[in-house]
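What follows is the residue order along each chain.
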Amino acid sequence: MEIFELARTVRDRDPARPTWIEAVTCYAGLQAVLMHRVAHALYRRGFKALARAVSHTNRFITGIEIHPGARIGRRLFIDHGMGVVIGETAEIGDDVLIYHGVTLGGLSLANRAGPGGKRHPTIGDGVAIGAGAQVLGPIRVGEGARIGANAVVASEVPPGETVIGIPARPPHEHRILTGASVGRTPPAPSPGYGLLDQPCDPVGEEIATLRAEMAALRAELATLKRQQAGVPAAE
């Protein structure tokens, strides 16, 4: 039965290592997936109003909003879960990890190609999506990819890639943009709270770059002033 498979997933992936009873009764993510199965079955059979009622009840009980049209694979683990929103045409593969505050949303109605058009992302198997991340539009996130906390993803993510920031890019690309070292950051054990093996602070690196540029400009200005005053440049 799926309830036992989901409970096993909770026990395997949650460091708190809950008991079987805790996993079934106290984990909103597990309950949200089970209620979605009911809503999705009703939705596919044409009982859309009833399906939305079940989905609304699901949101009221768990704090997780999943449109009944969304397609969810096996062993989805929604950790904590509060504030998760999954849109109508979203597709989620097997063994996916989603933290709280995540949105799998659409960008606009312009992306809709008639009734049933794809507006929401497709998430591959084994993807991890960190807290507060926004994955938007009819894009694909490849198998085994990792999306850092609070990232905004609006373009394709290759399989196995780690992306962070706004807009979401691999960590080494953030360093290139800020003029810092080009070395590639290895994937973090978990991107759930935006922590990497090697800290990446794009704002701090940008400030450091600006300070270095200002120091260079001041030195050049001082040289020009000395030349205008007829003072020979220091050797």
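Residues numbered from 1 in each chain as written. Predicted model: local features only at pLDDT ≥ 70, side-chain atom pairs only at ≥ 80, totals over all residues. Heavy atoms only, no water.

- In the annotation of an unreviewed UniProt entry, the chain is listed under the name Serine acetyltransferase and assigned to Paracraurococcus ruber.
- Its UniProt record gives the chain the following Catalytic activity (unreviewed entry) comment, quoted word for word: "L-serine + acetyl-CoA = O-acetyl-L-serine + CoA".
- Per its UniProt entry, the chain bears the Sequence similarities (unreviewed entry) comment "Belongs to the transferase hexapeptide repeat family." (UniProt positions renumbered as here; feature names shortened; annotations may be inferred.)

## Remarks on the overall build of the chain
Stage number 1. Counting its regular elements, the chain contains six helices and 14 strands.
Stage number 2. Here the chain holds 235 residues, and 42% of them are scored as buried.
Stage number 3. Contacts in the chain between residues far apart in sequence, at least 24 positions, make up 37% of those at least 6 positions apart.
Stage number 4. Split by element, the accessible area of the chain, about 12,600 Å² in all, is 60% carbon and sulfur. (Helix = DSSP H or I, 4+ residues; strand = E, 2+ residues; numbered from the N terminus. Buried < 20%, exposed > 50% of the residue type's maximum accessible area, 1.4 Å probe, protein only. Contact = heavy atoms within 4.5 Å. Areas by Shrake-Rupley, 256 points an atom, 1.4 Å probe, with all protein chains shown as cover.)

## Quick look at unusual backbone geometry
Stage number 1. One non-glycine residue with positive phi stands out, namely Arg17, at about 50°.
Stage number 2. You can see Arg17 is positioned in the loop between α1 (2–13) and α2 (20–25).
Stage number 3. When its relative accessible area of 47% is taken as the criterion, Arg17 is described as partly exposed.
Stage number 4. Phi is positive for Asn150, close to 65°, though the residue is something other than glycine.
Stage number 5. Note on placement: Asn150 falls in the loop between β12 (146–147) and β13 (152–153).

## Focus on the environment of Asn150
Stage number 1. Counting along the chain gives 49 residues from Asn150 to Gly101, while the straight-line C-alpha distance between them is 8.8 Å.
Stage number 2. Those residues in contact with Asn150 that lie beyond four places of it in its chain are Ala131, Gly132, Ala133 and Ile166.

## With respect to the nonpolar core
Stage number 1. With 41 residues, the main nonpolar core has Leu104 and Ile129 as its most contacted residues.
Stage number 2. Residue assignment for this core shows that the elements contributing at least two residues are α1, α3 (28–44), β3 (77–78), β6 (97–98) and β9 (128–129).
Stage number 3. Beyond its immediate sequence surroundings of up to four residues, Leu104 is in contact with Val85, Ile86, Gly87, Ala90, Ile92, Ile98, His120, Pro121, Ile123, Ile129 and Val135.
Stage number 4. The next biggest cluster of nonpolar side chains, apart from the first, holds five residues, and it includes Ala39, Leu42, Ala51 and Val54. (Core = buried A, V, L, I, M, F, W, Y, C linked by side-chain atoms within 4.5 Å.)

## Observations concerning the sheet that holds β9
The strands making up a sheet are joined through hydrogen bonds of the backbone, oriented either antiparallel or parallel.
Stage number 1. An order of β3-β6-β9-β12-β14 is seen for the five strands of this open sheet, with the pairing classed as parallel. Both edges of this open sheet fall to β3 and β14 (162–163), since each of them pairs with a single strand only.
Stage number 2. Where β3 and β6 come together, two bridges link them in parallel fashion. Opposite Ile78, over in β6, you have Ile98 as the bridge partner. (Pairing = 2+ DSSP bridges.)

## Topic: the packing of α3 against helix α4 (residues 48–62)
Stage number 1. Running from N to C, α3 and α4 point in directions that differ by 175°, and their axes come no closer than 8 Å. The orientation of α3 relative to α4 falls into the category roughly antiparallel. Along the contact surface, α3 presents Ala28, Gln31, Ala32, Met35, His36, Val38, Ala39, Leu42 and Tyr43, while α4 presents Lys48, Leu50, Ala51, Val54, Ser55, Thr57, Asn58, Ile61 and Thr62.
Stage number 2. Here the contact of α3 with α4 is built from residues that sort into eleven nonpolar, six polar and one charged. (Axes fitted to C-alpha atoms, helices over the stretch in contact; angles between N-to-C directions. Parallel < 35°, antiparallel > 145°, perpendicular 65-115°, else oblique. Nonpolar A, V, L, I, M, F, W, Y, C, P; charged D, E, K, R; others polar.)

## Some thoughts on the pattern of salt bridges
Stage number 1. According to the stated counting rule, one finds nine salt bridges in the structure shown.
Stage number 2. Between Glu65 and Arg59 there is a salt bridge whose closest N-O contact spans 3.2 Å.
Stage number 3. By relative accessible area, Glu65 is classed as partly exposed at 31%.
Stage number 4. Overlapping salt bridges bring together Glu5, Arg74, Arg75 and Asp95 as one network. (Salt bridge = Lys/Arg side-chain N within 4 Å of Asp/Glu carboxyl O.)

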